[in-house]
Amino acid sequence: MAATSFSCSSSTSSSLALLFSLNGTELRNPQTLNFRSKPFSSPILSLSLSPESRRDRSSRIVCSVSVSAPVVGTETPEELVDAILSKVSLSDGGVKLSSEEHEQVSEVAQQLQRFCVAEPVKCPLIFGEWDVVYCSRPTSPGGGYRSAFGRLFFKTKEMIQDVEAPDIIRNKVAFSLFGFLDGEVSLKGKLIALDESWIQVIFEAPQLKVGALDFQYGGQSEVKLQITYIDENIRLGKGSRGSLFVFQRRK
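Quantities reported herein were computed from a predicted structural model and do not represent experimental measurements.

A.B. asks: Before we go on, may I ask you to explain the nonpolar core in this structure?
C.D. replies: Tyr 145, Ile 169, Phe 175, Ile 199, Leu 208, Phe 245 and Phe 247 are the most contacted members of the largest nonpolar core, which has 26 residues in total. For this core, the elements supplying multiple residues, two or more each, are strand S8 (128-135), strand S9 (154-164), strand S10 (168-177), strand S11 (181-193), strand S12 (198-203), strand S13 (207-210), strand S15 (221-230) and strand S17 (244-249). Examining the composition of this core, we find that four residues originate from one element, S10, more than from any other. For Leu 208, the residues in contact, after removing those within four places along its chain, are Tyr 145, Phe 175, Glu 184, Val 185, Leu 213, Asp 214, Phe 215 and Tyr 217. Residues Val 81, Ile 84, Val 108 and Leu 236 belong to the second largest nonpolar core, which totals 18 residues.

Now the structure itself:
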């Protein structure tokens, strides 16, 4: 931002009247800053005194103000996608991130939402295999297997969501039990479009495979998810309870 310059003259009351424009709108009521015996110091205010002013306090003082402010919302979708992927990569689906880092991911996701297509549920890009690379609530994908206690025994190897046309979703969490016994839990569900951005998925009972064991347990379940952004590389989703998901298309 270019520096805004103004001039002022010192007086016995040592007051400085500021009048400048902000975002092209002139401030009609100038603010007055009073400088008394204590010197004024500011990182954004620089004073340039002419040699005469050092000898005569009634001389003119030329001041310049340089204000630096971040430009918000100027990133392209590609830059935002790179930013969010860099924050969630190697985070074990979000488990390793701090609260502050989760907030940063959420902020980038909100910016990306501005670039979402009008009716994401009708976008053919939703179909394909996706890695679940992040969830703001780590237990949402994988349930108890991803809880703090479950992770003591089950080391997650990958979390995959396969969306098949026209309305089938398959979720899979592959893990290693005790570090040497491979297994997976999978869910098959039917996708139902609720409106232009919200979907509902009704899942059958989960299927568990560990070594030679292969069986179903539990009952049906359902989730609701809003698609907040989608492109060729990533898809963002927000659950009905506020969980944020980041899916990355598998290569």
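Next comes the rest of the write-up.
A.B. asks: Quick question: what am I supposed to make of a negative patch on the surface here?
C.D. replies: A cluster of acidic residues, Glu 100, Glu 101, Glu 103 and Glu 107, forms a negative patch on the protein surface. Note that Glu 107 resides in helix H3 (residues 99-113).

A.B. asks: Sorry, what's going on with the pairing of S15 here?
C.D. replies: Along any regular strand the residues' side chains alternate between the sheet's two faces. Taken together, the six bridges between S12 and S15 define a ladder with antiparallel strand orientation. Each bridged residue has a counterpart across the sheet, and for Gln 200 the counterpart in S15 is Lys 224. Alignment of S15 against strand S16 (residues 234-239), held across five bridges, turns out to be antiparallel. Residue pairing for S16: Ile 227 is matched across the bridge by Gly 237.

A.B. asks: Where do I start with the packing of aromatic side chains in this structure?
C.D. replies: The geometry of an aromatic ring pair comes down to the distance between the two centres and the angle between the two planes. For the coordinates displayed, the defined rule picks out seven aromatic pairs. Geometrically, the ring pair formed by Phe 149 and Phe 153 is edge-to-face, given 5.1 Å between the ring centres and 65° between the ring planes. A relative accessible area of 58% means that Phe 149 is categorised as exposed. The class of Phe 153 is partly exposed, set by a relative accessible area of 31%. Within the aromatic cluster, the residues linked to one another by ring pairs are Tyr 145, Phe 154 and Phe 175.

A.B. asks: What's the story with H3 in this structure? I'm lost.
C.D. replies: Owing to its 3.6 residues per turn, the α-helix aligns residues three or four sequence positions apart on the same side. Between its first and last C-alpha atoms H3 spans 21 Å; for 15 residues at 1.5 Å apiece the expected length is 21 Å, and the two agree. Within H3, burial applies to His 102, Val 105, Val 108, Ala 109 and Leu 112. Projection of H3 onto a plane perpendicular to its axis shows the buried side chains occupying an angular sector of 125°, all on one side. For H3, exposure combined with an orientation more than 90 degrees from the buried face picks out Ser 99 and Glu 100.

A.B. asks: Honestly, the pattern of salt bridges in this entry has me stumped. Any pointers?
C.D. replies: Pairs can form between side chains of opposite charge once their charged atoms are near each other. All chains considered together, the criterion is met by eight salt bridges. Between Arg 250 and Glu 129 there is a salt bridge whose closest N-O contact spans 3.8 Å. In this pair, Arg 250 is assigned in the segment after S17 and Glu 129 in strand S8, connecting sequence segments 121 residues apart. Exposure remark for Glu 129: the relative accessible area of 40% places this residue in the partly exposed category. One network of salt bridges, with partners in common, ties together Glu 129, Asp 131, Glu 158 and Arg 250.

Definitions and limits used
Residues numbered from 1 in each chain as written. Predicted model: local features only at pLDDT ≥ 70, side-chain atom pairs only at ≥ 80, totals over all residues. Heavy atoms only, no water. Core = buried A, V, L, I, M, F, W, Y, C linked by side-chain atoms within 4.5 Å. Buried < 20%, exposed > 50% of the residue type's maximum accessible area, 1.4 Å probe, protein only. Helix = DSSP H or I, 4+ residues; strand = E, 2+ residues; numbered from the N terminus. Contact = heavy atoms within 4.5 Å. Patch = residues over 30% accessible without salt bridge, like charges linked within 9 Å, V, L, I, M, F, W, Y side chains within 5 Å. Areas by Shrake-Rupley, 256 points an atom, 1.4 Å probe, with all protein chains shown as cover. Salt bridge = Lys/Arg side-chain N within 4 Å of Asp/Glu carboxyl O. Lys, Arg positive; Asp, Glu negative; His and termini not counted. Charge placed at Lys NZ, Arg CZ, Asp CG, Glu CD. Pairing = 2+ DSSP bridges. Phe/Tyr/Trp six-rings, centres within 6.5 Å; stacked < 30°, edge-to-face > 60°. Expected span 1.5 Å × (residues − 1). Arc of directions from axis to C-beta.

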